[in-house]
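# Chains, contacts and geometry: an overview
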Amino acid sequence: MMKTVDFFDAEIKKAYGKNSVVDGITDMSRYKKADPKILWILKEANNSHTSNPNENQRDFHTDVTSYPKWKLTFKRIISCSYGIIYKNKELNVDENACINGVNVMLDIALINVNKCGGNSRSNNSSISAKYNEYKDVILEQIKQINPDVIINCSEVLSLTSDLQDRFVLSEEIKKRNANAKVYYNNEKLLIDYCHPNATKDNQGGLTDERYYEVIVGTYKKWKEMTSIK
């Protein structure tokens, strides 16, 4: 049975504490209509753009431009999500965080592993520890969001392993010139890749173009493979 948003908000507050930042599906009606349904998993909520520690991250995702440095993380999320859902490559995200007038942030879901907030520089070992402590809440949240495409940018490898096991995914799709790990079955695609504000991967400098090609190119390859009868 599908659990409510209020249920998960309460579970997050119970697990992470009263000052935790709730997250998930930005706009339920838009998400239900999206094809495919995409979930981005990020590291932690950076609250440096607000003085309110109890901010609802979903509200922030409706207009990320309230954070002056929004492009560092969200430009690539927006362009990749737009390319997958709207089948149109466009790397130019306007000052309203839209592409061709579309706010694709309303079509997707985003969650953080560490829901207690963070600073501009993440501590990966601390984030992994948060996952290990609260994995039941996070995995159940992902299950209820029920995405078709999961993009894990948290750099928590045990999360990728747990998702692979939970959704019975195999590592089959290989990407050249990138350190992405890709797992899939006929219903789900899981891409484990670096955070969208990363400046390099194991092949060197990371441009917007190459980030897009890794994410969207992998999605296209998956669609081609799973459509073959």
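Above this text sits the structure in question.
Everything in this summary refers to the structure shown in the same document. Here the structure is a predicted model, which means the values were calculated and not measured. (Residues numbered from 1 in each chain as written. Predicted model: local features only at pLDDT ≥ 70, side-chain atom pairs only at ≥ 80, totals over all residues. Heavy atoms only, no water.)

## Remarks on helix H4 (residues 71-85)
- The end-to-end C-alpha distance of H4, which contains 15 residues, comes to 20 Å, matching closely the 21 Å that a straight helix rising 1.5 Å per residue would cover.
- Most of H4 sits inside the fold, with 12 of its 15 residues counted as buried.
- Residues of H4 that are buried: Thr73, Phe74, Arg76, Ile77, Ile78, Ser79, Cys80, Ser81, Tyr82, Gly83, Ile84 and Ile85. (Helix = DSSP H or I, 4+ residues; strand = E, 2+ residues; numbered from the N terminus. Expected span 1.5 Å × (residues − 1). Buried < 20%, exposed > 50% of the residue type's maximum accessible area, 1.4 Å probe, protein only.)

## Details of the packing of aromatic side chains
- Enumeration according to the criterion identifies 6 aromatic pairs in this entry.
- On the numbers, 5.0 Å between centres and 20 degrees between planes, the contact of tyrosine 82 with tyrosine 86 is stacked.
- Judged by its relative accessible area of 33%, tyrosine 86 is partly exposed.
- A ring pair is formed by tyrosine 219 and tryptophan 222, whose centres lie 5.9 Å apart and whose planes are at 55 degrees; its orientation type is tilted. (Phe/Tyr/Trp six-rings, centres within 6.5 Å; stacked < 30°, edge-to-face > 60°.)

## Section: the pattern of salt bridges
- Scanning the model with the defined rule gives 10 salt bridges in all.
- A salt bridge links lysine 43 to glutamate 155; its shortest N-O distance comes to 3.6 Å. In this pair, lysine 43 sits in strand S2 (residues 38-46) while glutamate 155 sits in the loop between strand S4 (149-152) and helix H6 (157-166), placing the two residues 112 residues apart along the sequence.
- With relative accessibility at 11%, the residue lysine 43 sits in the buried group.
- The exposure class of glutamate 155 is partly exposed, given its relative accessible area of 33%.
- The shortest N-O distance in the salt bridge between lysine 89 and glutamate 209 comes to 2.5 Å. Of the two residues, lysine 89 is situated in the loop between H4 and strand S3 (109-118) and glutamate 209 in helix H7 (residues 208-227); the sequence distance between them amounts to 120 residues. (Salt bridge = Lys/Arg side-chain N within 4 Å of Asp/Glu carboxyl O.)

## Let's talk about unusual backbone geometry
- A cis geometry characterises the amide bond from aspartate 35 onward to proline 36, with omega recorded as 0 degrees.
- Summarising the element assignment, proline 36 is placed in the loop between helix H2 (28-33) and S2.
- In this structure, asparagine 100 is a non-glycine residue whose phi angle is positive, near 50 degrees.
- Mapped onto the elements of the fold, asparagine 100 is located in the loop between H4 and S3.

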